[in-house]
Structure formats: C-alpha cells, structure tokens
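# Architecture and fold: a report
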Amino acid sequence: MVDLFSDRVLVKNNKDQDELDTEREIVMRLQNRILMLFFASAACESCQQFAPALTDFFKRLTDEFYVDRSAQLVLLYISLDESEEQQESFLKELPKKCLFLAYEDPYRRELEAMFNVEELPTVVVLRPDCSILTPNAVEEILCLGPDCYRNWQEAAELIDRNFMINEDFEEKSMRSFSDPVRRLKYKVEDERRKKKKKKRRGWGEGGDAEVDGGADGKEEGGDAIKVLEFDFKDASNHGKTVSQDNILFWNM
C-alpha cells in the first residue's frame, strides 16, 4: 500500500489541508490498512447522490461516536473534477478524516487508468498489499452499509483486534473478572451440599455413614452435630439475598 504513494503528497481533508509528504507519515497512515480509492467528480450527479452515503459509511467505521476504536480503513478521494474549485466544493461533502491528492497532481489520472475506472462513482477497495479486493464497492456500500468492512476484513485476512462497533458491546453481558471464580466456587459448594444431603439420608435408614466434613466430621454415635443455615449476598446476582445451606460442625 505504501509503495503506491511513496513518492506522492497526500493531503488531509481538514481546515488547514495538512500534507503527508514524508515516507514516515505515509507509512503510519496507510500501513496494514484497507484502502478505499474514491473516484468521483462534483459534476457527476450520481457522485453527488452517493457522497452522503459514503460519508456516513466511513464515519460509522471510524468515528468515536459509533465505534470503540477506529477500523483499519482509509478513504482517499481521487478527484476527476474539471477544476480545482469543483474539487474543493466536493471535498466539503466528504469526511474530514479522508485524504486526497492535490488537483495539480497528474497521478490522479494515472490511478484512473491503473484501476480501469470506467464509470463514476467508483470505489476501488485495496488490501494492505495493494491487490484489488473489490473493483467497485459502490453497490455493496449502499446495500450492506458498515457490514462491508467485516467482509473486507475477512477477505483481506486483516487482523484488526481493536475494532468493535458499539452495538457489539450491547449484545454482550458485561461480567467482572471474578465471575469465573465465583462460578467455580458455587459449583463446588453445590456438589458438597448434595453429597451431605445424601449422607444424612443414610442416617435415617439406620446405616453407618460418615459425614464428609474432613477432620470435623464425626461417626454416628459420637458427639452431637449442629447444623446452621444462613443467608449471604451473591455479588453476581446483583445484590439479591440468596439462601444457601452451609454445614458447620463442632463439638457440643
């Protein structure tokens, strides 16, 4: 990806139109990213109609209002405008985070020929290695919206561990780090309680049964045994009081 623009100047679509004119800046911005090359013109009515959808699509994948962390996605506007004024006008319809080539840069036309752009608008989607993932994603973006990125990410075999749409958080029940420990603790206690109940049933039948209580356990006929039941707070049950038999043994 970097090689495609290594000797070029990329411009940010912000108020000051800051330039990425060093190899380091370009590498940091493009490396290990999926790149969308947006070929369009302000004079094209279809481009004007598609621009709001593309802007919304890009924002939903990169704006912190919609996502926890930005997707590894870059939008680069390749202007086919007839004048610099038209280009400046059209850039106002595009996201502030997108990049573009200066109007006077002839590389715009080279890219048009390189990717065989025959209609406008065209969104060429490139993998991080510069190979073409989708020759024109306009219809896909209009039909699927942000879900396109999931498909592109898988097709590009891009590892994007940081990206997650906010809706994904809502679908997950958030648990504390101690939740697995509590689950194991209560599972063990439940098993012990069932085993002790089984032993107590054995006493009623007149058989000899040992109490599974370690050193505190007494054989039948020995010292008296006292059983206590108490309530406790279960943090994983949101503060509700839950009753549980806890068997304590000691000499009377």
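This text goes with the structure placed above it.
Treat the numbers as computed from the prediction; the structure is a model and nothing was measured.

Thresholds applied
- Residues numbered from 1 in each chain as written.
- Predicted model: local features only at pLDDT ≥ 70, side-chain atom pairs only at ≥ 80, totals over all residues.
- Heavy atoms only, no water.
- Helix = DSSP H or I, 4+ residues; strand = E, 2+ residues; numbered from the N terminus.
- Buried < 20%, exposed > 50% of the residue type's maximum accessible area, 1.4 Å probe, protein only.
- Contact = heavy atoms within 4.5 Å.
- Areas by Shrake-Rupley, 256 points an atom, 1.4 Å probe, with all protein chains shown as cover.
- Core = buried A, V, L, I, M, F, W, Y, C linked by side-chain atoms within 4.5 Å.
- Phe/Tyr/Trp six-rings, centres within 6.5 Å; stacked < 30°, edge-to-face > 60°.

Another aspect to go through is the overall build of the chain. Each helix and strand in the chain was counted, giving eight helices and eleven strands. Expressed as a percentage of its 252 residues, the buried residues of the chain come to 37%. In the chain, 61% of the contacts between residues at least 6 apart in sequence involve partners at least 24 apart. Counting every atom, the chain has about 15,700 Å² of accessible surface; 46% of that belongs to carbon and sulfur.

What follows concerns the nonpolar core. Counting residues in hydrophobic clusters, the biggest one holds 34 residues, and the most contacted among them are Met 36, Phe 38, Leu 73, Ile 141 and Trp 152. Only β3 (34-40), α2 (45-62), β5 (73-79), α3 (84-91), β7 (122-126), α5 (138-144) and α6 (147-155) provide two or more residues apiece to this core. A per-element tally of this core places α2 first, with seven residues. Once you skip the residues sitting within four places of it in the chain, Leu 73 turns out to touch Arg 33, Ile 34, Met 36, Phe 57, Phe 58, Leu 61, Thr 62, Tyr 149 and Trp 152.

Using the criterion set out here, one finds seven aromatic pairs in the structure. Between the aromatic rings of Phe 38 and Phe 90, the centroid separation amounts to 6.1 Å while the plane-to-plane angle is 35 degrees, which identifies the pairing as tilted. Here Phe 90 lies in helix α3 and Phe 38 lies in strand β3, a separation of 52 residues in the sequence. On the basis of relative accessibility, which here comes to 1%, the residue Phe 90 falls in the buried class. Arranged with centres 5.4 Å apart and planes meeting at 40 degrees, the rings of Tyr 77 and Phe 90 form a pair that is tilted.

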